[in-house]
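# Results of the structural survey
Here's the letter readout for the chains.
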Amino acid sequence: MPTGSRVAVCWSDRRLGSGSSALLDTPEALLEQARSRVLDAAHPPGEDCIDHAWEDDDARMAIVARLPESLTPSSEQAWLALARRAVDASLAAALAEARIESLRKSERLQQALYEIADLAGSNLEMDEVLARIHAVVGTLMPSENFYIVLFDESRQTIRFLYFVDQLDPWVAEPEHEIPVSELPNSLTVAMLRHGRPLLGPSSEVRAALGVERDDSHGPDAADWLGVPMRRDDQVSGGIVVQSYDQAGRYSEEDRALLEYVAQHILTALDRKQAKLLLERRVDERTRELQQANTVMQAEIIERQRAEQLQRALYRISELSVAAGSIEQFCADVHAVVGELLYARNFYIAMVSADGGHLEFSYSVDEHDKVREPRPMGKGLSEYVINSAEALRADRETIARLHAEGKVLSQGAQAHSWLGVPLSRDGAAIGVLAVQSYSEEIVFTLRDQDLLTFVAYHIDNALARKRAQESLKAAHAELESRVESRTRELEEANQELRAQIGERLHAEEQLTHQARHDHLTGLPNRIQLLERLDGAIAAMQGGGRQPFAVLFLDLDRFKLVNDSVGHAAGDRMLVETGRRIGALLDAKDMVARLGGDEFAILLEDPVDAEAITGMASGILAALGEPMWIAGRELFPSASIGIAVWQPQYRRGQDMLRDADAAMYRAKARGRDRSELFDDRMRAEATRLLDLEADLRRAILKDAFEPAFQPIVRLQDGSVVGHEALLRWNHESRGVLAPGEFIGVGEDSGLIEQVDWLLYSRVCGWMARHGEGYVSINVSPRHLRSDDFAERLLRMLDDAGADPRRLRIEITEVALLDDAPRALRLFNILREHGVLVLLDDFGTGFSALSYLHRFPIHALKIDRSFVSGLDGEMHAESLALVRAILALAGTLGIDAIGEGIETARQREILLELGCAYGQGYLYGRPVPEPAAPGKPAPA
């Protein structure tokens, strides 16, 4: 178009929205004309300009151009056609990019839902499941501050299942129910009652819901997003994410996504909770069965007592009919009563015919051998007769009645006394009494009822005919009650047997689940180790052939899960187990150990050649294609083989050696097998001995620092030292870290070794007051919350200046737990301890953490420095130049490592590297030269 032309383009698309674009210095009126043409199809075209609008599917576009001079009609038409194609192509590209982004989000969401579903079916503890769910949500949106709460509307309580917050130190108790009445100003409770998602700054959300500010609920969030979880259209909980430092961090799309994911999380929690409830119900049912058994035993005892009572009453009934004299009858009754309760001291007293005396018809007593008739007075017997009610009294009760003037004790004083009235025609005419002179024997209410019944039968003995009929009726009623109770006990026993059968069935199911893999149905590690231990015991007893164990691990199985999903990975594991099992004899076993690991027990292999042949057959069978999730997959595996040897005592030892051989197979290229041999055993023994030596060295504090100078390349002056670890081995002399660091890392002992070294370095710094010292810090230390405080305390105890200390970390340490590492570095930096990034260029070398972390200096890896005057000169020169340019841009110092030649030093100086270290300036020594002096070149 002619120079000075102005062009404006506007569009409106249902999927992309509206927008406009124009050349610089385009008048606003021209843009308004284009917008009007897009919004109103009937809007008239502009005058003295090119004005064109058109529609395509769900989009409408307009171009308005003002030219300093007119074009020919053909040029104008050609230009419009070209412009339309350009606009259409741009919109199509934008739509394609939007669809691609939508597919990416859908894929991430699907992966997250798969992971949540897998967690619901896992054997992990609930707190681990929730932590991993948190990590899954973190892949979808920012969730540094995240919590899950359950709401019981009927009980009006909430429980915080999971709570992670950067600023709020409150610790959740998942099993603790909090009444909502105790949280009147809780934004979370308000959201649950509101029942709909809420998004925005917490202050605005509180204002919208009418919730007052309450400091006890933590600080305000710059952006707050909460969504309810619903079960059967009823709010049962919620999920909240919040940001303290960035407003508008969450969008409506995040709200919709979290609301969708929340329902899947609720489903996962329900599944996990259902599993826990099932286990809890099994335990409760077991306890109920035990309790029922206890009740049944008690009922059996009660039945035996009832049968004993029945026999006693039956004998009393016979005596009341057959007794020849009242004295013999009383003696027989005494014998029967003595079988039911304590009756060593027993008597029957009757009021005389004239009512003036008390006569003892029968009496047996330890102290009062003979009871003579006496005038009616205020004794305990008279008290019972006068009141016509039974009396059960101890010494305290007797003393109280005596003090009230109601009784006047007669004869020896009893510790426990029980008397019941004997009646005739409704009037009391005598008393039946038992008493105890021992504190250990006290009569109970049951004894009182029994004695009352006996007294009733004695009354009937005085009127035999009436007593006989009454006893027959009572006996028949008692028989009926006993039979009814017996039937009830039999029914309860049948129900108990049925419940025991159900429990045995449940135990069988649990036993099967405990010994088999839930996915493939194959035996699990527990069952395999039992078979291995049995086979080893049989070998030690003699009489059988040696056996072998194959440890199989699928190659690149994680790629299958990451590409086609965990469900497809599960189907591959099932098919793998099926293919292996099809190659084995009935006496052999294939077990799934977990993940993509399998173990095969070959009971009677012919020889090592037959074992390796079986391994090759398994690899060939697994190499056949599998159709999974619509894809043709070609899996492979690495196999380690361990053949029984006399030194094996446990199945775990054979499995360990087969595992070691499997890793040898992976190291040699995968899709192959390796036999565990004497060299592997010797290496394993060497590492085990080295670990034992390392533990003894820790106890003896056999580690010391060796200091290598760090110099200013311009003049060679020493500015500091790097403290390198050395081990004074008791038999092998001084060892460098490369000879034992691997064992230390694997065993976790390296942390103890480091702290011994740090203590030595702090003491050296206190004695030598110039220059700084750098120490190497393992990523393991950065996982400890108190690392910074412990290091600073050690410096303070030694009297060393923390500003002279540097810590050297690798790039891997930054990627392990970035938030924790950043917090530790900031604490150290506040006290003057600076951070050096070691071996820079050999890892990820991501620019993001150079911006995020307070890095003081980069240490250029020795592999790049050594190449500056070698065969890789050009490549190393380019890499070192790039690293120095990056450090200069960020204001970070650079230190070249491994400088061994003057040429390397000169090149580094030319490139702008200010500091360096290496053998050119000195090897590590226990007592280095003082800082500030030139190092030897």
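Residues numbered from 1 in each chain as written. Predicted model: local features only at pLDDT ≥ 70, side-chain atom pairs only at ≥ 80, totals over all residues. Heavy atoms only, no water.

### So, the pairing of strand S31 (residues 893-896)
Two strands pair when backbone bridges link them, and strand S30 (residues 855-860) and S31 are joined in this way by four bridges, in the parallel orientation. Bridge pairing in S31 links Ile860 to Gly896. Pairing analysis gives two bridges linking S31 to strand S32 (residues 915-916), with the strands arranged parallel. Each residue of the ladder has a partner; that of Gly896, found in S32, is Gly916. Regarding the hand of the β-α-β motif, the stretch spanning S31, helix H27 (residues 902-911) and S32 is right-handed. (Pairing = 2+ DSSP bridges. Helix = DSSP H or I, 4+ residues; strand = E, 2+ residues; numbered from the N terminus. Right-handed = clockwise from strand over helix to strand, strands pointing away.)

### Description of the side chain of Asp553
You can see Asp553 is positioned in strand S17 (residues 548-554). Within the structure, the side chain of Asp553 is placed 3.0 Å from the side chain of Lys666, a separation counted as a polar contact. (Polar contact = N/O pair within 3.5 Å; in protein donor to acceptor, adjacent residues only side chain to side chain.)

### Describing the environment of Arg15
Tracing the sequence through the fold places Arg15 in the loop between strand S1 (6-13) and strand S2 (17-22). The class for Arg15 is partly exposed, based on a relative accessible area of 41%. Distance from Arg15 to Leu95, taken between C-alpha atoms, is 7.7 Å for residues 80 residues apart in sequence. Those residues in contact with Arg15 that lie beyond four places of it in its chain are Asp58 and Leu95. (Buried < 20%, exposed > 50% of the residue type's maximum accessible area, 1.4 Å probe, protein only. Contact = heavy atoms within 4.5 Å.)

### Regarding the packing of helix H21 (residues 787-798) against helix H23 (residues 818-830)
Put simply, H21 and H23 touch, their axes get as near as 9 Å, and they point 25° apart. Looking at the two axes, H21 sits roughly parallel to H23. Here H21 runs over H23; the crossing is right-handed. Contact residues: H21 offers Phe787, Ala788, Glu789, Leu791 and Leu792, while H23 offers Arg823, Leu824, Ile827 and Leu828. (Axes fitted to C-alpha atoms, helices over the stretch in contact; angles between N-to-C directions. Parallel < 35°, antiparallel > 145°, perpendicular 65-115°, else oblique. Left-handed = near helix turned anticlockwise from the far one by under 90°.)

### Quick look at the sheet that holds strand S19 (residues 597-602)
Across the sheet, which stays open at both edges, the five strands sit in the order S18-S19-S17-S22-S23 with mixed pairing between neighbours. Looking along the sheet, the strands with just one partner apiece sit at the ends: strand S18 (589-594) and strand S23 (673-675). When the angles between neighbouring strand axes are averaged without regard to direction, this sheet yields 20°. As paired elements, strand S22 (residues 637-643) and S23 share three bridges and run parallel to each other. In the strand pairing of S23, Ile641 is matched with Leu675. Contacts between helix H15 (residues 608-623) and the sheet are confined to S17, S19, S22 and S23, with S22 contributing the most and set at about 160° to the helix. Seen against the sheet, helix H16 (residues 651-667) touches S17, S18, S19, S22 and S23 and runs at an angle of roughly 140° to S22.

### Digging into the side chain of Asp254
By secondary structure assignment, the location of Asp254 is in helix H6 (residues 252-322). Discounting residues that sit within four places of it in the chain, Asp254 has contacts with Met141, Leu225 and Arg249.

### A look at the pairing of strand S6 (residues 157-164)
Among the eight residues of S6, seven are classified as buried, and the element is accordingly described as predominantly covered. One ladder, built from seven bridges, connects strand S5 (residues 145-152) with S6; its direction is antiparallel. What sits directly across from Asp152, in S6, is Thr157. In this structure, the hairpin formed by S5 and S6 is closed by a connection of four residues, where Gln156 is found at a positive phi of approximately 55°. Relative to strand S7 (residues 178-179), S6 runs antiparallel, the two being bridged by two bridges. Pairing of Ile158 across the sheet is with Ile178, part of S7.

### Topic: the state of the cysteines
By the definition in use, this model includes zero disulfides. As a non-bridged cysteine, Cys10 has Cys49 as the owner of its nearest cysteine sulfur, 13 Å distant. What makes Cys10 buried here is its relative accessible area of 2%. (Disulfide = S-S within 2.5 Å.)

### Here's the deal with helix H26 (residues 873-890)
The end-to-end C-alpha separation of H26 is 26 Å, in line with the 26 Å expected for 18 residues at 1.5 Å each. Taken together, the buried positions of H26 are Ser876, Leu877, Val880, Ile883, Leu884 and Ala887. Seen from one end, H26 has its buried residues packed into an arc of 135°, which puts them on one side. In H26, the exposed positions that point more than 90 degrees away from the buried face belong to Ala874 and Thr889. Just downstream of H26 lies Gly891, where phi reads positive at about 70°. (Expected span 1.5 Å × (residues − 1). Arc of directions from axis to C-beta.)

### Let's talk about the pattern of salt bridges
Under the definition given, this model contains 50 salt bridges. With its nearest N and O atoms 2.7 Å apart, the salt bridge here joins Lys859 to Glu808. Here Lys859 is found in strand S30, whereas its partner Glu808 is found in strand S28 (residues 805-809), with 51 residues between them in sequence. One exposure class covers both Lys859 and Glu808, and it is buried. One network of salt bridges, in which partners are shared, links Arg206, Arg213, Asp215 and Asp220. (Salt bridge = Lys/Arg side-chain N within 4 Å of Asp/Glu carboxyl O.)

### Things to note about the packing of aromatic side chains
Scanning the entire structure with this criterion turns up 16 aromatic pairs. Where Phe703 meets Trp727, the ring centres are 5.7 Å apart and the plane angle is 40°; that geometry is what we call tilted. Of this pair, Phe703 sits in strand S24 (residues 703-712) while Trp727 sits in strand S25 (residues 718-729); the two residues are 24 residues apart in sequence, bridging distant segments of the chain. In terms of burial, Phe703 and Trp727 fall into one category: buried. Taken together through their ring pairs, the aromatic side chains of Tyr147, Phe160, Phe163 and Trp170 make up a single cluster. (Phe/Tyr/Trp six-rings, centres within 6.5 Å; stacked < 30°, edge-to-face > 60°.)

Function cannot be read off these values alone, since they describe shape.
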